[in-house]
Structure formats: structure tokens, C-alpha cells
Amino acid sequence: MSATAMHDPSKTSYYVNDDLYDEIIAAFTNWQRDDLAVIDPVERDMFRRLLEQEARLLDKDQLEEWLKLFAAECVYWAPATVTGGDPRREVAISFDDRRRMEDRVYRLRTGFAWSQKPKSRTVRMVSNVEVFRTDKPNVRMVRASFQICEFRGFETRSLPGWAGYRYVEQNGRWEIQARQVNLLECDQCIRNPSIVI
Amino acid sequence: MLDKTAGHNRPGFNGPGYDYDYLIQDDRVHQSIYTDPAIFTAEMTHIFGAVWVYLAHESQIPKNDDFITTKLGLRPIIVLRDSDGVIRALYNRCTHRGTTLCRLEKGSAHIFRCPYHGWTFNNTGKLRNVPWPDGYASDFKDSKFNVAQVPRVESYRGFIFGTLNMDAPSLDDYLGPVKGPIDEWLDRHPGGKIAYCEANRLMYRGNWKLAYDNSCDGYHVVFSHRSLLDMENRLVNEADKGMSFYKGRPDSAPMYMKYFGHGHHFKDKRPNMEIKPGAMWAIEGPHPGMEHYEAELRRRFSARADEALDLAASEPVNINVFPNLSILGNHIQVIEPLNHYETNTIWYGTAVVDDEGVWGDALPLINALRMRTQEGFPNFGEVDDLANFEEIQRGLAAFEDEWVYMHRGMDIPGRISGDADGVITAPATDEMFMREYIKEWKRLMQTEPNIQIKREP
Ligand code: FES
Ligand SMILES: [Fe+2]
């Protein structure tokens, strides 16, 4: 664990530093390779189940439970460009640390987040799950396509895309250390992006 | 009491045209200026065709041959630096059959080849080549075949504007005193420069003026942004983060707004805070990496660290240049009307550039922080405003209830003051700026612009 672990990442943000940015950018570069693909159906199914569980928690608005799927020091990154870029030099749709993810949930719970009053209802489809090895035995990269069907304001819209996950096996389970959400329309104007995507 | 003017007897709609003196009154405006597609169509000529419209920032086209595509009102435009370095705004429209010449959002090109029949144009707009010209009896040296362009394109300190109206004043005169806040905003950066980075891009289902009506509105903050204020202050004992200074008695707070003429206005929240380095940083809410980068800047640049942190902090000003540019915090927001009830708002992030090396290796740290501080408001603040704009648009469908009010601060002695040069000052929570800019809107809607396009000879 990093030397910054003495800080509570729900309260302060020391772990979002150049080392973390470098690590995340490297992890999300050139990782979707056939030679790294995990073939074992048991392992693949385990990750598929984790993604389906995440989709269910989000659909059921169990956001506090959703937060528990993540490592203490985690990242939720929705780039505003197709290439992802370097978040130190460009703004993203979102680049959240643990505290900001908790902020996000807190805001939605205030009762004054007008963009979610009334709340959206969502159904998330998760598919095309692929698991990839990394050079660390306790780290896996997972790719999945998603489609969020979101009902709000008398109509249902679709938010498709694909997500990359960096899972770390620690504390006796696989925790999401970084989640990169790539909306198909990431570089276009999006109406009311106020749910967790 | 019955309102006999409502419904079919509405006097604003008598006769062939619109009676803008009826639709725009001293204290209120008619709902139709937000809901009527014919008024939107007229705006594309009388507003977007008549004034200097913000098109692009020079940092988007740093080198010769660089281009971006954008719009002037609804007109598709290529803003480019031609091969000789001249900044031009070409109509993105082939002179043959009218197709767009360029379908990319940005890039670099010294020629544009039309995808449809292969006519080729220099990036000056001049026609260069037509396939199999023997099939034509016409003279392709005739300038009518060169791409049309916006006849007047000028920059103010990196901000590129264009107008189609030959009768418009110079850009310098058009901007007038709003240049003061723009200068101050730029000059807090080393070398007085910034660069575009990526953008938070939002769309809402409402008229474009709802965004401009909001751009200086200090009345909505603690209500529309309550969830943001609660969120930003959830970890501190005394709520002083973000826009907390709007709590209590904001009417009598030292912040103020100014109206500058030509539809431009300015809200200055800086007087709410102490004038000292680090004051802006002190009220930033939590952002990813803030403790780490702050500690790092303090360790490495002790005496200047507060100044560096202020560069990552959001500047508490709203500078609004009619009709489509708002400098808000560190963002450059561009309002893009799509039709009478749909609008894009693009919140371009800005990065600190440091050509003279004033900040040396502090610069990447400042920008790493500044990217995160800029994501906060679009994610947790603007979405709620946009939801409220959409609900206004929905509310206005009750069209017999005709009036939308903007009279806060009006007729209260001593509240609003005017300078000799026409600048008007009011409390930051008043609707003075709405009344003033919409008067200018009315004047423009009643005036015929002298619209022309230019072609290379
Ligand atoms: S439309 Fe462009 S060449 Fe025909
Ligand atoms: Fe607002």
C-alpha cells in the first residue's frame, strides 16, 4: 500500500498525484491484447458477475453499496475524448477520486439535485466482457460494452459505450481500482448527464 | 380578475410583423421570445447576423493551416489560419452544390477538397481546381465560385469574433468596457495568455436566451445550486466553500454587477474576499488531488505557492459578451443555439500557458489541479441550472400566461447607479442585466443589419 494510506481518502486527496496519473494512463494504454486474454471460463464468469452486480446496484439506486465495490483509493474516469488523453492536461467529463465519488452520491441524496428530481430510472445492459492479464498477478483489466437505457422526463434515451476496469485483488476480494467510462458520445454535447454512468 | 389581453387578442401578434415594443416591456418579456420558431429564425439574422459573434480562440488554431469547424448562428463555419497566417472564417459550404466542405471538428489542411464532386479550394477560400473543366462553358476565375466568408473577422487578445454586418461598429467599439474585465481575467495568467484544453459539453432543451439570462444571475445561486453548496461544504464546520458568499444577505454583499452596453455584462464576486494571495484557493471546495498538489507546491515554491494555487482556483467573475460568450471562473462557455427550444453549451476548460517560464516546473502541477477544479461546476452545478431552464421551457407552454418577469431591483431608489459612459452598476442579485441586454436585443430585432459575405477576388 502506498505511503499515503495514512490519509483517509474519503476526506483528503493525497493519492491523486503524478504517480497515480502515470499509473492509470499506462494501465489504460495497449491493454486489450489477445495474448493477454484470460480464457478460463471460471475467472471470466467471476468478472462478468461483478459487472452485472455493479449494473444492478446502479439501476436500483444503491449508490452507497456501489461505492463499496471500489478500492479505498480509486478513480472513476469518463474522458471527454475518444483517446482518453492525459487528465492532467485536459478536462474530462468526470475524473473522480474516492472523495468526489462520495460527493457525487451525497449530492444526489440531498433532495436538491434538480437534474435528478424526478430521478431517472435506468436499465443497464452489460455485454462483451473480456478479461486481460497484466504484469501483476493481482491486477486484471476488464473490458465490457454497456448500454444504459435511461427514463426521465417522459422519454427513454440510450447512452451506449464501453468501460474499462482495473481490478485489484486485495482485502480478500477483487476491488475496482480504476473505472474508465467511454461514452460513445463522449466528445458531443450531452443532455443532463447527472446519473452515475 | 380576468386578463383580457391573454390568448387570441394578444396585441404583439397583430399585423404581419411582431410588435417588439409589446413583447419586451420595462419589467417583463413575452413568453414567445423563447418559444416562437419564427422569432428564432429572425434572431439568426437580426442578432447572430448583426453583431460580433464569438467564433473560436486562437489557441485552437495555433499554426498556419490549422482549422476548426463551428457555427455562426446556424451557419456552418470553418475558422482557420490560412497558409499565410491570416485568420479567416469560411462558410463551410461548397460553391458548387452546397455540401459542407469539411466534416472534421479540427485539423490541419492547406486545401479543402469537396467530397461530392472533387472541387478543390485553397484555405483562402479561392477555387483551385475543378475536375474535367472542359465540361463547363463558365469561367472558373469568376470570384463567385470562391468559398463565401465572413467579411469581418477580428481578434481581441486571442478571442476571435466575426460579423456579417458591414454596419456593425469595430470589434473594439463593440466590446467597449467589457474589455476591462477580459483584460483582468487574462492578465492574472503569466504572459496574459491561456490555452483551450478539452470541454465539458452540455445540451439542454430550452431556448438559448435562458442561458444568457442566467449568466449574471446572482439570485438563483443558493436555490438552484443548493445541492452543490451542500456538497462542497459537507466536510467543513463553517460553510465557506464555493459560492457560499451568496448565503445570508447577498443583496448587500460587496459583490456587484455591471452592464456595459451592447448586451455585455459582468458580475464581480472578488470584492467578497480578501485581496491577498491564496484567497481564491481558500474557498475552493474539495477536488481530486488538491491536498497532494497543494503540499507539493508549498514544499517547492513556498513563498509563491499561494499565487500558484490561485491559478488553479476558479476566478470568481462572470464576463458575458453578447450573444454567445461567457467567461465563468476559468471556463470559456460558448452558447450554441440549435433551434428555438434546444441549445448546446460548451464549457471549454482552459490551461495556464507559460511561454516565459515564469512558473517553470510548477506549471504542470498547477494545470493538473486546474483541470480537476474545472470539472466540478459542470458536473454538480450546471446540470441543475439546465434542468431548471428545461422546466422554464416546459412552463412557457402555458402560453396564455404570457409574461416572464425580470424586475428585481427595479424602481428602488439608490439601488442602481449609472456612470457618465453608460455603464450601469447594481447588486449582484438584481435582474438589471437582463432588462438591459433584452432592450438591446429588442433594438437589434427592430433594426435591419447590412449583411454581406466576402469572397476572394
Ligand atoms: S458539391 Fe462540392 S464539388 Fe459538387
Ligand atoms: Fe447557475
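How each quantity is defined
Residues numbered from 1 in each chain as written. Chains lettered and ligands numbered in written order. Predicted model: local features only at pLDDT ≥ 70, side-chain atom pairs only at ≥ 80, totals over all residues. Heavy atoms only, no water. Helix = DSSP H or I, 4+ residues; strand = E, 2+ residues; numbered from the N terminus. Rg over C-alpha atoms; globule rule 2.2 N^0.38 Å. Buried < 20%, exposed > 50% of the residue type's maximum accessible area, 1.4 Å probe, protein only. 1 Å grid on protein atoms, 1.4 Å probe; cavity = no way out; pocket = protein on both sides within 12 Å on 5 of 7 lines; lining within 4 Å. Points joined across faces, edges and corners; volume = space filled by probe spheres on them. Nonpolar A, V, L, I, M, F, W, Y, C, P; charged D, E, K, R; others polar. Donors = N, O, S within 2.8 Å, 3.2 Å for Na, K, Ca; no water. Phe/Tyr/Trp six-rings, centres within 6.5 Å; stacked < 30°, edge-to-face > 60°. Lys NZ or Arg CZ within 6 Å of the ring centre and 35° of its normal. Contact = heavy atoms within 4.5 Å. Buried area = accessible area lost by both parts, 1.4 Å probe. Salt bridge = Lys/Arg side-chain N within 4 Å of Asp/Glu carboxyl O. Polar contact = N/O pair within 3.5 Å; in protein donor to acceptor, adjacent residues only side chain to side chain. Pairing = 2+ DSSP bridges.

## Some remarks on the overall build of chain A
Okay, so step 1: What chain A contains, in helices and strands, is four helices and seven strands.
Okay, so step 2: Taken from the N to the C terminus, the helices and strands of chain A come in the order α-α-α-β-β-α-β-β-β-β-β.
Okay, so step 3: Taken over C-alpha atoms, the radius of gyration comes to 17 Å for chain A, in line with the 16 Å a tight globule of 197 residues would show.
Okay, so step 4: Taking the principal axes of its C-alpha atoms as reference, chain A extends roughly 45 × 40 × 35 Å.
Okay, so step 5: Looking at chain A as a whole, 53% of its 197 residues are labelled buried.

## Observations concerning the layout of surface pockets
Okay, so step 1: One number sums up the size of the largest pocket: a volume of about 1,000 Å³.
Okay, so step 2: Elements with a minimum of two residues in the lining of the largest pocket: strand 2 (53-57), strand 3 (66-72), strand 12 (194-204), strand 17 (331-339) and strand 18 (342-352) of chain B.
Okay, so step 3: Counted by class, the lining of the largest pocket contains 19 nonpolar, ten polar and nine charged residues.
Okay, so step 4: In this structure, the second largest pocket occupies an estimated 690 Å³ of space.
Okay, so step 5: Taken together, 29 residues form the lining of the second largest pocket, with Arg152(A), Gly153(A), Glu155(A), Arg191(A) and Glu390(B) sitting closest to its centre.
Okay, so step 6: At the level of elements, strand 4 (139-152), strand 5 (155-170) and strand 7 (190-191) of chain A together with helix 12 (363-395) of chain B are the ones that each hand at least two residues to the lining of the second largest pocket.
Okay, so step 7: Ranked by the residues each element gives to the lining of the second largest pocket, the list is headed by helix 12 of chain B, at six residues.

## Re the coordination of the iron ion (ligand 2)
Angles at a metal have ideal values that depend on geometry: 109.5 degrees with four tetrahedral donors, 90 or 180 degrees with six octahedral donors.
Residues and elements named next belong to chain B.
Okay, so step 1: For the iron ion (ligand 2), every protein donor is listed as His220 (NE2), His225 (NE2) and Asp385 (OD), and the spread of their distances is 1.9 to 2.1 Å.
Okay, so step 2: Expressed as a motif, the donor residue spacing for the iron ion (ligand 2) is H-x4-H-x159-D. Per residue, the accessibility class of His220 equals that of His225, and both read buried.

## Structural notes on the packing of aromatic side chains
Okay, so step 1: This model, assessed by the stated rule, comprises 34 aromatic pairs over all chains.
Okay, so step 2: Ring geometry for Trp119(B) versus Phe145(B): centroids 6.0 Å apart, planes at 80 degrees, classification edge-to-face. Pair noted here: Trp119(B) is in the loop between strand 7 (111-113) and strand 8 (120-122) and Phe145(B) is in the loop between strand 9 (127-129) and strand 10 (152-156), with a separation of 26 residues, a long-range link. The two residues Trp119(B) and Phe145(B) agree in class, both being buried.
Okay, so step 3: Geometrically, the ring pair formed by Phe260(B) and Phe266(B) is stacked, given 6.1 Å between the ring centres and 15 degrees between the ring planes.
Okay, so step 4: By relative accessible area, which is 4% here, Phe266(B) ends up buried.
Okay, so step 5: Among the aromatic residues, those joined into a ring-pair cluster are Tyr21(A), Phe28(A), Trp31(A), Trp77(A), Phe95(A), Phe132(A) and Trp162(A).
Okay, so step 6: One cation-aromatic arrangement involves Arg28(B) over Trp403(B); the distance from NZ or CZ to the ring centre is 4.0 Å.

## Topic: the interface of chain B and chain A
Okay, so step 1: Facing 45 residues of chain B, the contacting portion of chain A comprises 44 residues.
Okay, so step 2: Of the roughly 4,000 Å² buried between chain B and chain A on both sides combined, carbon and sulfur atoms contribute 53%.
Okay, so step 3: One can count five salt bridges joining chain B with chain A.
Okay, so step 4: With its nearest N and O atoms 2.8 Å apart, the salt bridge here joins Glu155(A) to Arg205(B).
Okay, so step 5: Run the count over chain B and chain A and you get 31 residue pairs in polar contact (both at pLDDT 80 or more).

## A look at the environment of Phe322(B)
Residue and element names in this part refer to chain B.
Okay, so step 1: Tracing the sequence through the fold places Phe322 in the loop between strand 15 (317-321) and strand 16 (325-328).
Okay, so step 2: A C-alpha to C-alpha distance of 8.1 Å links Phe322 and Tyr437, two positions 115 residues apart in sequence.
Okay, so step 3: Contacts of Phe322, omitting those with residues within four sequence positions, involve Ile47, Trp52, Tyr174, Trp208, Tyr212, His262, Gly263, His264, Tyr437, Trp441 and Leu444.

## Structural notes on the sheet that holds strand 15 of chain B
Okay, so step 1: Read from one edge to the other, the open sheet built from ten strands follows the order 7(A)-12(B)-18(B)-17(B)-16(B)-15(B)-14(B)-13(B)-21(B)-20(B), with strand pairing classed as mixed. Looking along the sheet, the strands with just one partner apiece sit at the ends: strand 7 of chain A together with strand 20 (417-418) of chain B.
Okay, so step 2: For strand 12 of chain B and strand 18 of chain B, the ladder comprises nine bridges, and the chain directions are antiparallel. Directly across from Leu202(B), in strand 18 of chain B, lies its bridge partner Thr345(B).

## Quick word on the pattern of salt bridges
Okay, so step 1: For the coordinates displayed, the defined rule picks out 55 salt bridges over all chains.
Okay, so step 2: Its salt-bridge partner being Arg124(A), residue Asp59(A) comes within 3.0 Å of it at the nearest N-O pair. Of this pair, Asp59(A) sits in helix 2 (residues 41-59) while Arg124(A) sits in strand 3 (residues 121-133), placing them 65 residues apart in sequence.
Okay, so step 3: Linking Glu436(B) and Lys439(B) is a salt bridge whose minimum nitrogen-to-oxygen distance equals 3.2 Å. Of this pair, Glu436(B) and Lys439(B) both sit in helix 13 (residues 432-445), three residues apart, which is roughly one turn of that helix.
Okay, so step 4: When its relative accessible area of 43% is taken as the criterion, Lys439(B) is described as partly exposed.
Okay, so step 5: Salt bridges sharing partners connect three or more residues here, namely Asp18(A), Asp22(A), Asp86(A), Arg88(A) and Arg89(A).

## A few points about helix 3 (residues 37-46) of chain B
Residues and elements named next belong to chain B.
Okay, so step 1: Buried within helix 3 are the following residues: Ile39, Phe40, Glu43, Met44 and His46.
Okay, so step 2: Each element contacted by the buried residues of helix 3 is listed here: helix 1 (20-23), helix 2 (32-35), strand 4 (75-81), helix 6 (208-214), strand 17 and helix 13.
Okay, so step 3: The backbone nitrogen of Ala38 has a side-chain oxygen 2.7 Å away, supplied by the residue at the start of helix 3, namely Asp36.

## Things to note about empty space enclosed by the protein
All names here are of chain B.
Okay, so step 1: Enumeration according to the criterion identifies nine cavities of 30 Å³ or more in this entry.
Okay, so step 2: Considering only enclosed or pocket space, the largest cavity measures out at about 670 Å³ in volume.
Okay, so step 3: Listed by contribution, the elements that provide at least two residues to the lining of the largest cavity are helix 6, helix 8 (226-232), strand 15, strand 17 and helix 12.
Okay, so step 4: Top contributing element to the lining of the largest cavity by residue count: helix 12, with eight residues.
Okay, so step 5: The residue makeup of the lining of the largest cavity, split by class, is 16 nonpolar, 16 polar and nine charged.

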